[in-house]
Amino acid sequence: MTTERSIEELYRDDPERADALVFGRRTGVSRRGFLGGTGLVAMTAAVGGAIPFAAQMPGGLIPAAMAQTGPAPFEFPGKVAGLTLLGDRPLVAETPEHLLDDETTPIEKFFIRNNGIPPEPPADPDAWTLTVEGFVNEPLTLTLGELKARFAPVTYRTVLECGGNGRSFFNPPARGNQWTNGGAGCAEWTGVRLADVLKAAGVRPEAIYTAHYGADTHLSGDPARLPLSRGVRLEKAMEEHSLIVWGMNGQALPDIHGGPLRLVIPGWPASASHKWVDRIVLRDVEHDGPGMTGTSYRVAIRPMIPGAEPEAGNFRILESMPLRSIISAPANGTTLPGGTRRLALRGAAWNGDTGVAAVHVSVDFGATWQAATLAEPRNRYDWRRWTAEVDLPSDGYFEVWSRATDTDGVMQPHIAGNWNPQGYGANPMHRVAVLVG
Ligand SMILES: Nc1nc2c(c(=O)[nH]1)N[C@H]1C(S)=C(S)[C@@H](COP(=O)(O)O)O[C@H]1N2
Ligand SMILES: [Mo]
């Protein structure tokens, strides 16, 4: 099979076929950039330098330097200009990996994911109400002011990550926003434990699932339709890190992030972290709101053929998020002065319900790996920041790869596996191109 040969061999033997194999004569490729011309020479010219470890590059991997198009310009009050706009109705914008370089993701860099139209900000945030009902002993309606007064406040730094994060790495492309790794951020969330509020309402023994409702409206303008309504198993809702939140990074929760009140259910798809939350219903069955059924937030039970028609009954709801690592410095496409032989790297790694045990980096397409130094997480569901220094043997084109290992010893894969129609769970190693000289 040709895919087992190196890119260099492929290009040497049959440049045209190599281009077809590597860059694909298929429609999905345009979003990842297009290389005109043929051969390793053209590839070298396109990336602007020699590829010293080209012989080790696995077949079928497009050089990271070419695996992208320029970001769409993005302007939004309170946000930096460098976010990548993925959609404007509803508004969706991700944080490029190099802007996830802070210990705690600042609000101005935090990704945005709306499914509908946000509500008008209330004149008096403390008058916002939250109702808890369904399988509870005593339905409860509390104002935000009462929530703050009645329950013990807590602050955790936890990752909020869109269920579709990494979707753009699927091949063939999966339906939905084409997130790279930036549908995630790690912020300090202040609020009260969801468990405390549910207990105050009295959880009945039949309750097994939550359903979340908010004040945003459907894009169609139809008041009878909900933009999104997801929920989680009761055990997850009762975890100590599952919060009802009014503060983000020490400030009042911004409108765009669900202010004045939202849920933060860390480790699970952020779609469960309902923004503008005003009602939580306890159910005796799994929730069936928009975003809970069909192939929405669902992954294949039996692995399916990539691109195939989904088979009814072969899907389960996505719960704990997959393992991911990013290189936040240097940025993809960085040029370093000729003669640079040592390079400092920074990044972050996180996963869903367990934790990160290690991060390794490679500058030779995974032929050799070196361990990064990990900072301790502040609390469960925090990300782990990492640093490393690597040697570069010469001038030329390099790719820095990062690969996390979780506390069960499971690593990130080279490519996005377990293809599913709406593209959940893609967590390949992160790759950043650098050019020396
Ligand atoms: N009410 C409401 N809550 C919502 C959403 C939404 O559209 N409406 N989107 C969800 C999804 S899919 C994600 S990824 C996160 C995004 O949170 P952020 O915009 O604060 O980053 O909010 C979740 N909560
Ligand atoms: Mo999401």
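Predicted model, so just to flag it, every value in this text is computed and none were measured. (Residues numbered from 1 in each chain as written. Chains lettered and ligands numbered in written order. Predicted model: local features only at pLDDT ≥ 70, side-chain atom pairs only at ≥ 80, totals over all residues. Heavy atoms only, no water.)

Close to ligand 1 lie 19 residues, the nearest being Phe111, Asn115, Asp216, His257 and Lys275. Between ligand 1 and Arg262, the relevant distance is 2.7 Å, taken from an oxygen atom to a side-chain nitrogen or oxygen of the residue. The protein chains hide 100% of the 530 Å² of surface that ligand 1 would expose on its own. The residue inventory of the shell around ligand 1, partitioned by class, reads nine nonpolar, six polar and four charged. (Near = heavy atom within 4 Å. Polar contact = N/O pair within 3.5 Å; in protein donor to acceptor, adjacent residues only side chain to side chain. Areas by Shrake-Rupley, 256 points an atom, 1.4 Å probe, with all protein chains shown as cover. Nonpolar A, V, L, I, M, F, W, Y, C, P; charged D, E, K, R; others polar.)

Per-chain confidence: the protein averages 90 in pLDDT, with 86% of residues scoring 70 or above. Under a pLDDT of 50 for its full length, residues 1-8 has, in the predicted model, 20 contacts with residues more than four places off or in other chains. Across residues 23-38, confidence stays below pLDDT 50; counting only partners more than four residues off in sequence or on other chains, it has 42 contacts. (pLDDT = per-residue confidence, 0-100. Contact = heavy atoms within 4.5 Å.)

Right, let's get into the environment of Pro118. Here Pro118 lies in the loop between β3 (112-113) and β4 (129-134). Separated by 157 residues in sequence, Pro118 and Lys275 place their C-alpha atoms 9.0 Å apart. Excluding residues within four positions of it along the chain, Pro118 makes contact with Asp216 and Trp276. (Helix = DSSP H or I, 4+ residues; strand = E, 2+ residues; numbered from the N terminus.)

For the rest of this paragraph, the subject is the side chain of Ser362. Note on placement: Ser362 falls in strand β18 (residues 356-362). For Ser362, a relative accessible area of 1% gives the class buried. Within the structure, Ser362 has its side chain in polar contact with the side chain of Asp364 (distance 2.7 Å). A polar atom in the side chain of Ser362 sits 2.9 Å from the backbone nitrogen of Gly366. (Buried < 20%, exposed > 50% of the residue type's maximum accessible area, 1.4 Å probe, protein only.)

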